[in-house]
Amino acid sequence: MATTVNVRKQSVAEVAAPLTLAYEHPWVVRFAHWVNAVAVLVLVGTGLQIFRAFPSFGPKIPQKNLLDVPRLITLGGWLGGALQWHFTFMWIFVGSGLLYVIYQLATGHWRQVLFTARDIKGVWPMARYYFFFGPKPPVDAAYNPLQKLAYTSTVFFGVLSTLTGLVLYKPDQFWWLAWLMGGFHYARIWHFLSMCGFLAFIPGHLIMVLLHGWNNFYSMVTGWKRDPEYVE
Amino acid sequence: MPDDIRGEPKPAEPEEHPQPPTEPADHGAAQADQRVPQAAAQSDAAAQPREAAAPAVLRHAGPAGEEVRRVAPAERKRMNRRELLKLVPVVALGTFAVPKLRGPLLNDGLHLSDWASGKLFGRARLAQTFPNRDVVAFERFPYNFYDVADPGVDLDRWTLTVEGLVQHPGEYKLSQIQALPKVTQNTRHVCVEGWDVIGSFGGTRASDFLRAIGADTSARFLEAECADGYYESIDMETMLHPQTLFCYEMYGKPLDRGHGAPLRLQMPTKIGYKQAKYLDTIRVTNVLRADKRGYWEDQGYSWYGGL
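Below, the structure is looked at part by part. Only a predicted model underlies this, so the values are computations on that prediction, with no experimental measurement involved. (Residues numbered from 1 in each chain as written. Chains lettered and ligands numbered in written order. Predicted model: local features only at pLDDT ≥ 70, side-chain atom pairs only at ≥ 80, totals over all residues. Heavy atoms only, no water.)

### Quick look at the packing of aromatic side chains
Short version of the rule: For Phe, Tyr and Trp, where Trp contributes only its six-membered ring, two rings pair if their centres lie within 6.5 Å, and the inter-plane angle classes them as stacked under 30 degrees, edge-to-face over 60, or tilted in between. Elements are defined by DSSP. Helices are runs of H or I of four residues or more, strands are runs of E of two residues or more, and each kind is numbered from the N terminus. Three labels apply to residues, based on accessible area from a 1.4 Å probe with only protein chains included: buried if under 20% of the type maximum, exposed if over 50%, partly exposed otherwise in between. Ring-over charges, as used throughout, are those where CZ of Arg or NZ of Lys falls within 6 Å of the ring centre and within 35 degrees of the ring normal.
Evaluation of the coordinates by the stated rule reveals 33 aromatic pairs over all chains. Both rings, one in Phe-87 of chain A and one in Tyr-169 of chain A, keep their centres 4.7 Å apart while their planes meet at 50°; by these two values the pair is tilted. On the criterion of sequence distance, the pair formed by Phe-87 of chain A in helix H2 (residues 79-107) and Tyr-169 of chain A in helix H5 (residues 145-169) is long-range, its members being 82 residues apart. For Phe-87 of chain A, a relative accessible area of 12% puts it in the buried group. Residue classification places Tyr-169 of chain A among the buried residues on the basis of a relative accessible area of 15%. Taking the centre distance of 5.1 Å and the plane angle of 85° together, the rings of Tyr-295 of chain B and Trp-296 of chain B count as edge-to-face. Judged by relative accessible area, which is 22%, Tyr-295 of chain B ranks as partly exposed. By relative accessible area, Trp-296 of chain B is classed as partly exposed at 27%. An aromatic cluster is built from Trp-78 of chain A together with Tyr-230, Tyr-231, Tyr-273, Tyr-295, Trp-296 and Tyr-301 of chain B, whose rings are joined through pairwise contacts. The aromatic ring of Tyr-231 of chain B is capped on one face by Lys-292 of chain B, whose charged end is 4.1 Å from the ring centroid.

Encoded structure:
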């Protein structure tokens, strides 16, 4: 690293070879991100193991299995074990999720990430650029509309999975939440769909991380991004 | 430290989040003007003398007001290291990967969840009840056997043994239990596997029977032992819930052998495996034996099992 020499247009007069770094991700965000990454992985894996015990959304009699989840992609080993993981990591997941949301609200950073009606028109140009070799839309904000859509959807799925999980866990105590979801039975479907939401987000997210390379990935570790694209 | 990148001292920008330049082309120039030996950073510098010669900070030069700095590679290493340290708590999650620690940690998680469940429980909060048309046909109410189908209880000579912290311990006939007011309710039975079924149940309110036997309702638990070797323990709070039954009827008929004749627990505020069948002995107690908390609980399932 120390030997890297950065030749830049505006630094001809510079003696040493300074690097340009931008502080992109405050530590709370990075902390919540990594804790959540682990928690989502554990909750999805154990959730699939739990689902194996009754892989259906219909009645018990007659039982029609919806899909056969391969053991390989499950965690916890057995129903009881998976429930232990699930009931432990639900606290970690909700904790880090709350930390993130509260932090974003308190600092006002939510304005950068929240997908709003104004972002709708920008989704297609960005998708065209990413997936269909379209022209690159101008970058004038921290996150492009497609990113906002993706990140906002994870918060949405996080809230949905938490609320539906509460209904599954305590349908009697949260009867009003159960009622909002169409009853205990439907809460199980919503809970499953919120997992599908995470599963839809993760591959796209990982592909983008791979495409943008180490420098971008490392900024989610240390916060500092080297040679940010918006600084000439 | 390269000095040349430090600009002329200027007053720090009053605005915390200045609008980003509308023209991206102006960006570079705009930042060049913003090069200031950040006034705000002086407090930083006071705390960390090492940073006294801190490099220039291009304040809020990013599109979202990110702090941008130009630093020597060595300084970058230091900055990264400092930020990495802040993430050390994430490594704590790695304890779950250590086999020796995993068991106790997951046990703690389960206990925390059970504790919270107990706090959430409202004795006056009733589980949902359903009209007859929502009740599933008797044939479609599952039998759930854990290892034996039928312990072969002699229904004519059956008695319920009552022990522990009660004024009137002894053997109770089914007729004595049935002499107390009968309650019929259509409630949901939720299995830990994920399925649920609405059934019709009839029996004696557990709180009525506990009062009849002079149970110490300030005791913490009720233990149940079953004719098939199954065993359970329930918190007293739930035993006194108005919908908790000593159930001897389903769908208006005496409990059949598959469903636990002649007497079982029926608690719509608890998950399926807590609803002990083939009741043989009940015991009011303040102490649970570590390996006798419940058939499934002793294998790792939640003890509280509340809904």
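### Digging into the side chain of Thr-152 of chain A
Let me state the cut-off plainly: Contacts are assigned to residue pairs that have any heavy atoms within 4.5 Å of one another.
Mapped onto the elements, Thr-152 of chain A comes out in helix H5. Contact partners of Thr-152 of chain A, with chain neighbours within four places excluded, come to Val-113, Leu-114 and Phe-115 of chain A.

### Observations regarding the interface of chain A and chain B
Keep this limit in mind: The term buried area denotes the loss of accessible surface (1.4 Å probe radius) that occurs when two parts are joined, taken as the sum for both partners. Take a side-chain nitrogen of Lys or Arg and a carboxyl oxygen of Asp or Glu: if they are within 4 Å of each other, that pair is a salt bridge. Two N or O atoms form a polar contact when they lie within 3.5 Å of each other; inside protein one atom must be a possible hydrogen donor and the other a possible acceptor, and for residues adjacent in sequence the pair counts only when both atoms belong to side chains. Amino acids are sorted into nonpolar (Ala, Val, Leu, Ile, Met, Phe, Trp, Tyr, Cys and Pro), charged (Asp, Glu, Lys and Arg) and polar (every other residue, Gly among them). The pairing criterion is simple: DSSP has to find at least two bridges between the two strands.
Taken residue by residue, the interface counts 64 residues in chain A and 64 residues in chain B. Each partner contributes to the roughly 5900 Å² buried at the junction of chain A and chain B, and carbon and sulfur atoms together form 64% of this total. Taken together, the connections running from chain A to chain B amount to 2 salt bridges. A salt bridge links Lys-60 of chain A to Glu-193 of chain B, with the shortest nitrogen-to-oxygen separation between them at 3.6 Å. Our count for the chain A to chain B interface comes out at 19 residue pairs in polar contact (both at pLDDT 80 or more). For the side of chain A that touches chain B, the secondary-structure elements that each account for two or more residues are strand E1 (19-23), helix H1 (27-53), H2, helix H7 (184-222) and strand E2 (224-226) of chain A. The element best represented in the side of chain A that touches chain B is H2 of chain A, accounting for 11 residues. Counted by class, the side of chain A that touches chain B contains 43 nonpolar, 10 polar and 11 charged residues. Two strands pair when backbone bridges link them, and E1 of chain A and strand E3 (residues 67-71) of chain B are joined in this way by 5 bridges, in the antiparallel orientation. Looking at E3 of chain B, one finds that Thr-20 of chain A is bridged to Arg-70 of chain B.

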